[in-house]
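Spelled out from the first residue to the last, the chains are:
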Amino acid sequence: MRRSDLFGETLRQAPADAESGGYVLLLRGGFVQPLAAGIFSYLPLGWRVKEKVERIMREEMNAIDGQEVQLPVVHPAELWQETGRWYEIGPELARFTARGDREMVLAMTHEEVVADLLRRNVRSYRQLPFMLYQIQTKFRDEPRARGGLIRAREFTMKDAYSAHATAADLDRYYPRVHDAYLAIFRRCGIHPLVVESDVGMMGGSMAHEFMDLLPIGEDLLVICDACGYAANRQVATFRKATREEEPLPLEEVATPGAATIADLASFLKIGPEQTAKATFFMAGDRCIFAVVRGDMEVNETKLSNAVGVGELRPARAEELTGTGIVPGYASPIGVTGVTVVVDDLVARASNLVAGANREGYHLLNTNAGRDYQADLVADIASAFEGAACSSCGEPLRLARGVEVGNIFKLGTRYTAALGATFLDPDGVARDIVMASYGIGVDRLIGCVAEGSRDEKGLIWPVSIAPFQIYLVGLDLEQEDVREAAEDLYRRLTDARIEVLYDDRAERAGVKFNDADLLGIPLRLTISKRTLGRDEVEIKWRTESTSGSISRSAVLEAVRAALAGAEGPDATD
RNA sequence: CGGGGUGUAGCGCAGCCUGGUAGCGCGCCUGCUUUGGGAGCAGGAGGUCCCCGGUUCGAAUCCGGGCACCCCGACCA
């Protein structure tokens, strides 16, 4: 490709509305361009990167016996009504009315369509197992897109779905996908951490997320460096210790103005761990009263899983009228009409300070079980920096991560809903066991851009770079130099090496800076100076110095260099 | 959805407070000079000042409403 023909221009100044470093460089380099919030066009350079990522995905999915398919983007509403997600999922699911008042959805994921394929096509256990995958557009009407490709509304996902006769068979297959995913990420130059995760709207029994550890990540991860435990904070457990003491008598004390745990603790000169914190949520029109120890935070994911509701939101003050709750001075004592959920630690703890449900007063020595009854005792507290690992007791660490992939054991949630059954060897009809696996293609590219760059620009790994070589031609107005540059371009192209040949009438600095900005791994320079020595200058994007090779040996040297860099761990 | 911010040339911005012929830098086009890390000079093209309404002799500027985009939060496979 000649640079003079390439569509898309590089920008010296980034558009003002881009914030993250990797995204700025993708914009400046002309890889992608936003059309609307979270909706992007891929320009030729970006498309080449994406195409290479997808090729790697196809190779790895085919290697674990995946069969590529292409499923529709537009689905009839009925299918989503059958599984119930039409009703469960909010405005994130884009709906529209087609001709003849037919309600349709834009696919945000494809479990429904796959389960439908299964019910139409699978009859016997002899047809199982198998795995289907596709690389295709999804639309999720996110309330707020951000971070460029990291969180888009329209995006490309490689999604895969496996079908099994038994849960045990899925258990055998699941690790193969796990390993294939790690291979994909490694070949693309990132090394995500696998963490346990919440099943969220997908349902099912078990889920893992592949998290690229980047500061711009929106997920908080809980990591134990000692034993390797790693989980999304939404589900992370930790060891909770408490001293059990003899219960002391309840006592009301005046605590004027102490409406927060911090104020209360300093007023009473006690630690926050000697208090109980009350937080209120609404699940539909049901009020949930959550109690955790004062030094901890309620984990909404854990809480909603414990209560068994899909959606929770903080309660507003007016929704608490009539319950007896006095915000700032609340405890479950004397409260009515709410579901009281108590963290397992609070249930075991003794003599905590809690609200008196009276403005300006608290109660000393409250004890769950004696002074109030929990409707539910569960782990509903968020793990925090320094908390003790539930497996080994060592301190946990928090880190930020971007979810580049996930794998879910769905079980029979979708197949049962749609009646996708098969006959087992005994002639008994059973629901097909299903799992789904996803990787966000754009997000993966966004992560590579974010994590692999310097002050001059992007640094693509050879495996997914838009071109392997950036050929800088200088002094091209000089006939012999131009001929030599054209000749080198032709030889590289004939050798099927991907070259972006900068044949523009620009100054050297412009070309060098563009080569750096675009992040192409290997740079070759030919000029009257190098031609005089019958040489070509060669420089890696990652190196600060260049070398020289004789013109006749260029092809071989480039081939060898690229082959060396193509190895699976080339970017380590 | 709550809070904050921004919409003026392809990109970055000034002008708005105090209403009166729409500007600067980069980029783009032409010419000359220059030529190994984002050149210089000269000339030039390019604008529904986000949209609708109002006030006014006159609105980029003041007022009202809307929309879009960005940031923090809520939300999120």
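Residues numbered from 1 in each chain as written. Chains lettered and ligands numbered in written order. Predicted model: local features only at pLDDT ≥ 70, side-chain atom pairs only at ≥ 80, totals over all residues. Heavy atoms only, no water.

Structural notes on the sheet that holds strand β5 (residues 95–98)
Convention followed: Two strands are counted as paired when DSSP detects at least two bridges linking them. Every helix listed is a DSSP run of H or I at least four residues long, and every strand listed is a run of E at least two residues long, numbered separately from the N terminus. Between the N-to-C directions of two axes lies an angle of 0 to 180 degrees, each axis being a line fitted to C-alpha atoms and, for a helix, fitted only over the stretch in contact.
The strand order β4-β6-β5 describes an open sheet built from three strands, whose pairing is antiparallel. Single-partner strands in this sheet number two, and they are β4 (74–76) and β5. When the angles between neighbouring strand axes are averaged without regard to direction, this sheet yields 40 degrees.

Remarks on the sheet that holds strand β17 (residues 313–314)
Neighbouring strands of a sheet are bound in pairs by backbone hydrogen bonds; such pairs are parallel or else antiparallel. In plain terms, the rule: Contacts are assigned to residue pairs with any non-hydrogen atoms lying within 4.5 Å of each other.
Pairing is mixed across the open sheet formed by five strands, whose spatial order is β17-β15-β16-β18-β21. Edge strands, defined here as strands with exactly one partner in the open sheet, are β17 and β21 (376–378). Across four bridges, strand β16 (residues 286–293) lies against strand β18 (residues 339–343) in parallel orientation. Across the sheet, Ile288 pairs through a bridge with Thr339, a residue of β18. The strands that helix α8 (residues 300–307) touches are β15 (276–283), β16, β18 and β21; relative to β16, the one it contacts most, it runs at about 125 degrees.

A closer look at the protein's contact with RNA strand B
Using the following cut-off: Nearness is judged by heavy atoms alone; a residue qualifies as near a molecule or strand once a single heavy atom is within 4 Å of it. Residues adjacent in sequence count toward polar contacts only when both atoms are side-chain atoms; beyond that, a polar contact is any pair of N or O atoms within 3.5 Å, and within protein one must be able to donate a hydrogen and the other to accept it. Amino acid classes used here: Ala, Val, Leu, Ile, Met, Phe, Trp, Tyr, Cys and Pro are nonpolar; Asp, Glu, Lys and Arg are charged; the rest, including Gly, are polar.
In the vicinity of RNA strand B there are 45 residues, among which Arg140, Arg144, Arg151, Phe408 and Ser527 approach most closely. Counting only atoms of RNA strand B within 4 Å of the protein, the fraction found in sugar and phosphate groups is 49%. A distance of 3.0 Å separates a base oxygen of RNA strand B from a polar atom in the side chain of Arg28. Of all elements in the fold, only β8 (154–164), β23 (397–411), α13 (508–518), β31 (522–526) and α14 (528–532) reach the threshold of two or more residues within the surface near RNA strand B. No other element matches the seven residues that α13 contributes to the surface near RNA strand B. Residues belonging to the surface near RNA strand B are distributed by class as follows: 17 nonpolar, eight polar and 20 charged.

Observations regarding the nonpolar core
Basically, it comes down to this: The criterion is simple. A nonpolar core is a set of buried Ala, Val, Leu, Ile, Met, Phe, Trp, Tyr and Cys residues joined through side-chain atoms within 4.5 Å. When accessible area is computed with a 1.4 Å probe and restricted to protein chains, residues below 20% of their type maximum are described as buried, those above 50% as exposed, and intermediate ones as partly exposed. Residue ranges labeled as domains rest on an automatic or database domain assignment.
The biggest cluster of nonpolar side chains holds 65 residues, and the ones touching the most others in it are Phe31, Val53, Tyr181, Tyr437, Leu444 and Trp460. Both domain 1 (16–70 + 107–209 + 401–450) and domain 3 (469–564) contribute no fewer than three residues apiece to this core. Sequence-distant contacts of Phe31, that is, excluding residues within four places in its chain, are made with Leu25, Leu26, Ser41, Tyr42, Leu43, Leu45, Gly46, Val49, Leu458, Trp460, Pro466 and Leu518. In this structure, Trp86, Met108, Leu132 and Ala420 belong to the second largest nonpolar core, which totals 28 residues.

Quick word on the pairing of strand β6 (residues 102–106)
Inspection of the sheet shows β4 paired to β6 by three bridges, in the antiparallel sense. Bridging across to β6, Pro76 finds its partner in Met104. Bridge analysis of β5 against β6 gives four bridges, and the strand direction is antiparallel. By the bridge assignment, Phe96 is partnered in β6 with Met104. Counting the residues that bridge the hairpin from β5 to β6 gives three residues, and of these Gly100 lies at a positive phi of roughly 75 degrees.

What about helix α1 (residues 21–28)?
Here α1 lies mainly inside the structure; seven of its eight residues are buried. Within α1 the residues assigned to the buried category are Gly22, Tyr23, Val24, Leu25, Leu26, Leu27 and Arg28. On its buried face, α1 is in contact with β1 (32–36), β2 (39–42), α11 (441–451), β27 (453–454), β28 (457–458) and α13. A positive backbone phi angle near 75 degrees is found at Gly30, which sits one or two residues after α1.

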